[in-house]
Structure formats: C-alpha cells, structure tokens
Amino acid sequence: LPILIGICIGFPIFFLAICIVKLVDRVPSLFVQERFGLNGAAFKLYKLRTLKAIENHATVDRNRIESKPNYETTLTGRFWRTSSIDEIIQFWLVLKGEMSLIGHRPFPMYYLPHLDKISDMNADKLRHYLRIIKQYKPGMSSLSSVNGRGDLTMQQKFEYDLAYARKASLGYDIRLLLQTL
C-alpha cells in the first residue's frame, strides 16, 4: 500500500520536476547509475538530476570516497535533494523488486574496488560487510538516512547498515519508515 500511495502521489510531482529540470536547469532530467544490490548484483538506480557535474569514475579512489566532495547543484537541485523529490522514481524500483522501502542505501558499483582501502576498513571487514548487506534489498531509506543522511562518512554508513541487519524486522522497518516521513 505505501508503494502504491508513493507512486500515485509521487509520480505527478516527479513528472513536474522532470519538466522543471529540463526547462530551468537545461540538463538531462534523469541520472542513472549502477548500484550494489541484492546478492551483490548491479542494478540501475534512477534519480532526478540535481548536480551540474557527472562523476568521472577514473578519479574515484579511497580519498574521494572518504572526503565526499561537495558537488555543485543545478539551480533547482538543492531543493530536489533536500525534499527527496529526486528519489521519487525509486518507488518504481521497489515495485520492480530491485529495492525495498527500507534497507541499506546502495553504493555505486565503481566504489567496490576501493572500499577495502578506506579508513578502518580492511579486506576482512569488507567481506563481512558485503556478506551481510547482500542478504537485503537496498532501500529508498535506511538507518543511515534517518541518522545523518549525506553528512555521514562511508564508515558510519557501513556501521548503520550492519546495525540495521542486526535489528531487521517488519516492526523496525515500519519505525524507520515513519522516521523517514
């Protein structure tokens, strides 16, 4: 039911946002990126375009992942990001079965070769982390989303993902869903 409500209410808003991005920002309206999903399989995550620059995969390394550069948003991008309107299209991915309403926030697939090099992470910790999160569909929202969102380091997000996996239940998901709203 929450998925259908999200789609019925969200998609007209998202369609309007697509038109505004096209007219005002004059950039392609959708951002598509391969992300880490269930069983470690890649899936295409769609969002409304909010940033001026496209990330160059060749420049991604441990420092890039840890420092999380401050990208310049489009004219309307900051509003879409703070309101989370940029992510409404992910209700479609939930309906398709590639995502869940609550889970871990999926990271870009091209981060994978660099994750064991970030601070406080080694190959064993990374294997443990990946083994745990592979069991869950990534979520539109997560424990890290309601506890700092974009202000968290990758290490903090990993800790929240592992904490979520320890507590995962329907009741806990409902609580996180209410916190998300």
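Before reading on, note that the structure itself is shown above.
By convention here, each chain's residues receive numbers from 1 onward along its written sequence. At least 70 in pLDDT is required for a residue's local features to be given in this predicted model, at least 80 for side-chain atom pairs to be given and counted, and no such filter applies to totals for whole chains, interfaces and linings, which use all residues. Side-chain numbers here rest on the full set of heavy atoms in the structure, without hydrogens or water.

*Asks:* Would you mind going over the overall build of the chain in detail, with residue names and values included?
*Replies:* What counts as a helix is a DSSP run of H or I of at least four residues, what counts as a strand is a run of E of at least two, and both are numbered from the N terminus. Secondary structure assignment for the chain yields 7 helices and 4 strands. Along the chain direction, N to C, the helices and strands of the chain fall in the order α-β-β-α-α-α-β-α-β-α-α. Radius of gyration: over C-alpha atoms. The globule rule applied is 2.2 Å multiplied by the number of residues raised to the 0.38 power. The C-alpha atoms of the chain give 16 Å as radius of gyration, which agrees with the globular expectation for 181 residues (16 Å, within 12%). Expressed as a percentage of its 181 residues, the buried residues of the chain come to 43%. A fraction of 72% describes how many contacts in the chain between residues 6 or more apart in sequence connect residues 24 or more apart. Counting every atom, the chain has about 10,100 Å² of accessible surface; 59% of that belongs to carbon and sulfur. The buried label goes to any residue with under 20% of its type's maximum accessible area, the exposed label to any with over 50%, and the partly exposed label to all in between, with areas taken from a 1.4 Å probe on protein chains only. Any two residues whose heavy atoms approach within 4.5 Å are treated as being in contact. Here, Shrake-Rupley sampling with a 1.4 Å probe gives the accessible areas, and only protein chains in the shown set may cover a residue.

*Asks:* Which residues make up the side chain of Gln90, and what values go with them?
*Replies:* Its place among the elements puts Gln90 in helix H4 (residues 90–96). Setting aside its immediate chain neighbours within four residues, Gln90 contacts Leu45, Tyr46, Lys47, Met99, Arg105 and Met140.

*Asks:* Outline the pairing of strand E4 (residues 139–142), listing residues and values.
*Replies:* Pairing analysis gives 3 bridges linking strand E3 (residues 100–103) to E4, with the strands arranged parallel. Within E4, the position partnered with Gly103 by the bridge is Ser142. Any two strands with at least two DSSP-identified bridges between them are counted as paired.

*Asks:* Requested: an account of unusual backbone geometry, with residues and values cited.
*Replies:* Even without a glycine there, the phi angle at Ser84 is positive, about 65°. A positive phi angle, close to 60°, is found at Asp120, a residue other than glycine. Looking at where Asp120 falls in the secondary structure, it is placed in the loop between E3 and helix H5 (123–133).

*Asks:* Can you lay out helix H6 (residues 154–167) for me, pointing to particular residues and giving the numbers?
*Replies:* To estimate how far a helix should extend, the number of its residues minus one is multiplied by 1.5 Å. Look at H6: 20 Å from first C-alpha to last across 14 residues, which is about the 20 Å you get at 1.5 Å a residue. Of the residues making up H6, those classed as buried are Met154, Gln155, Phe158, Asp161, Leu162, Ala163, Tyr164 and Ala165. Against the buried residues of H6 lie helix H2 (62–67), E3, H5 and helix H7 (170–180).

*Asks:* How would you summarise the pattern of salt bridges if you had to cite specific residues and measurements?
*Replies:* Any carboxyl oxygen of Asp or Glu that lies within 4 Å of a side-chain nitrogen of Lys or Arg is treated as forming a salt bridge with it. On inspection of all chains with the given rule, the structure shows 7 salt bridges. Residue Asp86 is joined to Lys47 by a salt bridge in which the shortest nitrogen-to-oxygen separation is 3.6 Å. Of this pair, Asp86 sits in the loop between helix H3 (77–83) and H4 while Lys47 sits in strand E2 (residues 42–48), and the two are 39 residues apart along the sequence. Exposure remark for Asp86: the relative accessible area of 2% places this residue in the buried category. Its relative accessible area of 13% is what places Lys47 among the buried residues. The salt bridge partner of Asp124 is Arg127, with a shortest N-O separation of 2.3 Å.

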